[in-house]
Amino acid sequence: MSLHDNAVLALKAYGGTEPGQRELRGLYLDHLAAHPDGMWKACGAGHLTASALVVDPERGRVLLTLHKKLGMWLQMGGHCEPGDTTLERAALREAEEESGIPDLTLLPGGPVQLDRHPIPTPCHWHLDVQYAALARPGAVAAISEESLDLRWFAYDEVAGVADGSVVRLLERTRAVLDA
């Protein structure tokens, strides 16, 4: 199965009911139907990306990266690569690479949230499929070359440093953890 096919299946199974999530799911599926290259950075109309919020629920904190190009505190994530066989694997790879933490575990149940955001030309949109990854107790993060900084934030600190998409991702992740 191709990564494109896997993404279609993952999106069809996604059950996000929060405002706008069903519409985004439809938009993502329409995009993939219209763009066979919609998984890749080279797709000028936009492309899917995969990200994961790294969570330490025992300590009530999340790991955010200060993105080198954007200068914003964000979850780990990025572009799919040819070796990625699933969206989950792409999100996990990105989270492990950018956090320096091996052996992260994705929360079961598929994506936590979808987020569509504009990016500079030549591409136009990132259609981000967002997961949550659990860090094992005592995990030590190590900054990557893609970050200006890497820092753990208490749940209640996130709204003061990150944008609304990260805050919503944290809220959805906490809801899944509490379920």
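Right above here is the structure, for reference.
This report concerns the structure included in the present document. Counting restarts for each chain: residues are numbered from 1 in the order of the written sequence. Whole-chain, interface and lining totals are the exception, using all residues; otherwise, since this is a predicted model, local features are given only for residues with pLDDT of at least 70 and side-chain atom pairs are given and counted only at 80 or more. Heavy atoms from the whole structure form the basis of all side-chain values; hydrogens and water molecules are not counted.

Structurally, Thr49 can be placed in strand 1 (residues 47-56). A contact between two residues is defined here by any heavy atoms of the two lying within 4.5 Å. In contact with Thr49, not counting residues within four places along its chain, are Gly78, His79, His126, Leu127, Asp128 and Val129. What counts as a helix is a DSSP run of H or I of at least four residues, what counts as a strand is a run of E of at least two, and both are numbered from the N terminus.

This next bit is on helix 5 (residues 164-178). Residue count minus one, scaled by 1.5 Å, sets the expected span of a helix. Compared with an ideal rise of 1.5 Å per residue, which puts 15 residues at 21 Å, helix 5 spans 21 Å between its outermost C-alpha atoms and is within 8% of the ideal. Throughout this description, buried means an accessible area under 20% of the type-specific maximum (1.4 Å probe, protein chains only), exposed means over 50%, and partly exposed covers the range between. Taken residue by residue, helix 5 has Ser165, Val166, Val167, Leu169, Leu170 and Thr173 as its buried positions.

Our focus in this paragraph is the pattern of salt bridges. Opposite charge on two side chains makes pairing possible when the charged atoms of those side chains draw close. Salt bridge, as used here: a side-chain nitrogen of Lys or Arg that lies within 4 Å of a carboxyl oxygen of Asp or Glu. Per the counting criterion, the structure on display carries 8 salt bridges. One salt bridge in this structure joins Asp56 and Arg61, with 2.9 Å as the shortest N-O distance. The buried category is assigned to Asp56, whose relative accessible area is 3%. Notably, a salt bridge pairs Asp84 with Arg93, separated by 2.8 Å at the nearest N-O pair. Across the pair, Arg93 and Asp84 agree in class, each one buried. Several salt bridges converge on common partners, so that one network encompasses Glu81, Asp84, Arg93, Glu94 and Glu97.

Looking now at the nonpolar core. Proteins that are soluble and globular tend to have nonpolar side chains buried together. To define a nonpolar core, start from buried Ala, Val, Leu, Ile, Met, Phe, Trp, Tyr and Cys residues and group those joined through side-chain atoms within 4.5 Å. Judged by nonpolar contacts, the single largest core of 34 residues is most densely connected at Met39, Leu48, Val54, Leu87, Leu104 and Val129. Counting residues in hydrophobic clusters, the runner-up holds 18 residues, among them Val55, Leu64, Phe153 and Val167.

Another aspect to go through is the packing of aromatic side chains. Here a Phe, Tyr or Trp ring, Trp counted by its six-membered ring, pairs with any other such ring whose centre lies within 6.5 Å, and the pair is stacked when the planes are under 30 degrees apart, edge-to-face when over 60, and tilted otherwise. Scanning the entire structure with this criterion turns up 1 aromatic pair. A ring pair is formed by Trp73 and Phe153, whose centres lie 5.0 Å apart and whose planes are at 75°; its orientation type is edge-to-face. In this pair, Trp73 is assigned in strand 3 (residues 73-74) and Phe153 in strand 8 (residues 147-154), connecting sequence segments 80 residues apart. You can call Trp73 buried: its relative accessible area is 11%.

Interhelical geometry of helix 1 (residues 3-13) versus helix 2 (residues 21-34) gives an angle of 160° and a closest axis separation of 10 Å. In this view, helix 1 runs roughly antiparallel relative to helix 2, as classed from their interaxial angle. The handedness of the crossing between helix 1 and helix 2 is left-handed. Taking contact as the criterion, the partners of His4, Ala7, Val8, Leu11 and Lys12 in helix 1 are, on helix 2, Arg25, Tyr28, Leu29 and Leu32. By residue class, the composition of the contact of helix 1 with helix 2 is 6 nonpolar, 1 polar and 2 charged. With axes taken as lines fitted to C-alpha atoms, and helix axes fitted only over the stretch in contact, angles between N-to-C directions fall between 0 and 180 degrees. Working rule for angles: under 35 degrees goes down as roughly parallel, over 145 as roughly antiparallel, 65 to 115 as roughly perpendicular, anything else as oblique. Handedness of a helix crossing follows the sense of rotation of the near helix relative to the far helix, less than a right angle counterclockwise being left-handed and clockwise being right-handed. Amino acids outside the nonpolar list (Ala, Val, Leu, Ile, Met, Phe, Trp, Tyr, Cys, Pro) and the charged list (Asp, Glu, Lys, Arg) are all regarded as polar, and Gly is one of them.

Let us now look at the environment of Leu150. The topology assignment puts Leu150 in strand 8. Residue classification places Leu150 among the buried positions, given a relative accessible area of 14%. Remark: the alpha-carbon pair of Leu150 and Ala179, spanning 29 residues in sequence, is separated by 29 Å. Contact partners of Leu150, with chain neighbours within four places excluded, come to Leu63, Leu64, Thr65, Trp73, Met76, Glu98, Ser99, Ala141, Ala142 and Ile143.

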